[in-house]
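Fold and geometry: a report
Single-letter residue listing:
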Amino acid sequence: NAGVTQTPKFQVLKTGQSMTLQCAQDMNHEYMSWYRQDPGMGLRLIHYSVGAGITDQGEVPNGYNVSRSTTEDFPLRLLSAAPSQTSVYFCASSRTGGRAYNEQFFGPGTRLTVL
Amino acid sequence: KQEVTQIPAALSVPEGENLVLNCSFTDSAIYNLQWFRQDPGKGLTSLLLIQSSQREQTSGRLNASLDKSSGRSTLYIAASQPGDSATYLCAVLGGANNLFFGTGTRLTVIP
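Scope of this entry: the structure provided in the associated data block. (Residues numbered from 1 in each chain as written. Chains lettered and ligands numbered in written order. Predicted model: local features only at pLDDT ≥ 70, side-chain atom pairs only at ≥ 80, totals over all residues. Heavy atoms only, no water.)

Here the focus is the overall build of chain B. Helix and strand content of chain B: zero helices and 11 strands. Helices and strands in chain B line up, N terminus first, as β-β-β-β-β-β-β-β-β-β-β. Taking 2.2 N^0.38 as the reference for a compact globule, 111 residues should give roughly 13 Å; the C-alpha atoms of chain B span a radius of gyration of 13 Å, in line with that estimate. Overall, chain B is about 40 × 30 × 20 Å in size when its C-alpha atoms are taken along their principal axes. Across the 111 residues in chain B, those meeting the buried criterion constitute 47%. Across chain B, contacts joining residues at least 24 apart in sequence account for 53% of those joining residues at least 6 apart. (Helix = DSSP H or I, 4+ residues; strand = E, 2+ residues; numbered from the N terminus. Rg over C-alpha atoms; globule rule 2.2 N^0.38 Å. Buried < 20%, exposed > 50% of the residue type's maximum accessible area, 1.4 Å probe, protein only. Contact = heavy atoms within 4.5 Å.)

In structure tokens:
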């Protein structure tokens, strides 16, 4: 099992550009989510999905869009990049959502810089 | 809103020492608490998961405890090694499928 994979590892964008961060998992997990990590702050939830076709907003969803057409993939779209979106982005998955036994597994992250 | 605090922010210990990392949270209505390790520039590696009904979990030299009523968890590392140097994060799984993270404790084990 590759676990949770993310591409690209690094990305530099100019303000106003759009891009998609890719996330895939091969563990047949129902629940997938996106977090951002900023210096001095804990990871914060952007969007999550409890299954194919179902998505919902997390704590900091503004400026991001998601869709979940398959169980395996959960891409994160930046619609019009802003310098405030400079961050490290992590994708995570777990067997289901909201259960005590759910262990969450994280991808290696994407480092995004917006100039 | 759930707030998760980890103290200290940084810790340096000599090799071989036993140590304790602390995590506190404000809302006891949690599904579970998870401890992660993060190496510089890398992703998060899950170390231990404690379900809300459990008091502790052990894996090798690591032991994590949970006192839900007081909103506290500790991660005990026995016989520390230089390879244990990393940032340790705790996170609680609350309602709305949200993991709430602390800002971490950066551990340095000195050979």
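Moving on: the sheet that holds strand E1 (residues 4-7) of chain A. All names here are of chain A. Overall, antiparallel pairing links the four strands, which are arranged E1-E3-E8-E7 in an open sheet. In this open sheet, the two strands that pair with only one neighbour each are E1 and strand E7 (64-66). Put simply, the sheet's adjacent strands are angled 20 degrees from each other on average, direction ignored. As defined by bridge partners, E7 adjoins strand E8 (residues 76-78) across three bridges and the pair is classed as antiparallel. Within E8, the residue paired with Val-66 across the bridge is Leu-76. (Pairing = 2+ DSSP bridges. Axes fitted to C-alpha atoms, helices over the stretch in contact; angles between N-to-C directions.)

Moving on to the state of the cysteines. All names here are of chain B. Per the stated rule, a full pass over the model turns up two disulfides over all chains. A sulfur-sulfur separation of 1.9 Å characterises the disulfide bridge that pairs Cys-23 with Cys-90. Because the torsion about its S-S bond is 60 degrees, the bridge between Cys-23 and Cys-90 counts as right-handed. One end of the pair, Cys-23, is in strand E3 (residues 19-25); the other, Cys-90, is in strand E9 (residues 86-93), with 67 residues separating them in the sequence. When sorted by exposure, Cys-23 lands in the same class as Cys-90, which is buried. (Disulfide = S-S within 2.5 Å.)

This part takes up the layout of surface pockets. Take a probe with the size of a water molecule and roll it over the atoms, and the empty space left behind shows itself. Roughly 480 Å³ of internal volume is contained in the largest pocket. Taken together, 25 residues form the lining of the largest pocket, with Gln37(A), Pro39(A), Gln38(B), Thr87(B) and Thr103(B) sitting closest to its centre. Elements supplying a minimum of two residues to the lining of the largest pocket: strand E9 (87-94) of chain A together with E9 and strand E11 (105-110) of chain B. In terms of residue count, the dominant contributor to the lining of the largest pocket is E9(B) (three residues). Within the lining of the largest pocket, the residues separate by chemical class into 10 nonpolar, 10 polar and five charged. (1 Å grid on protein atoms, 1.4 Å probe; cavity = no way out; pocket = protein on both sides within 12 Å on 5 of 7 lines; lining within 4 Å. Points joined across faces, edges and corners; volume = space filled by probe spheres on them. Nonpolar A, V, L, I, M, F, W, Y, C, P; charged D, E, K, R; others polar.)

All right, on to the interface of chain B and chain A then. Many structure descriptions define interface size as the accessible area lost when the parts assemble. Listed as interface residues are 23 residues of chain B and, on the opposing side, 24 residues of chain A. Area buried by chain B at its contact with chain A is led by Leu44(B), Asn97(B) and Phe101(B), which between them contribute 28% of it. Seen at the junction of chain B and chain A, the total is one salt bridge. Glu59(A) is paired through a salt bridge with Lys1(B); the nearest N and O atoms lie 2.8 Å apart. Our count for the contact surface shared by chain B and chain A stands at six residue pairs in polar contact (both at pLDDT 80 or more). Taken together, the elements giving at least two residues each to the side of chain B that touches chain A come down to strand E4 (32-38), strand E5 (44-51), E9 and strand E10 (99-101) of chain B. When the residues that make up the side of chain B that touches chain A are grouped by side-chain class, the tally is nine nonpolar, 12 polar and two charged. (Buried area = accessible area lost by both parts, 1.4 Å probe. Salt bridge = Lys/Arg side-chain N within 4 Å of Asp/Glu carboxyl O. Polar contact = N/O pair within 3.5 Å; in protein donor to acceptor, adjacent residues only side chain to side chain.)

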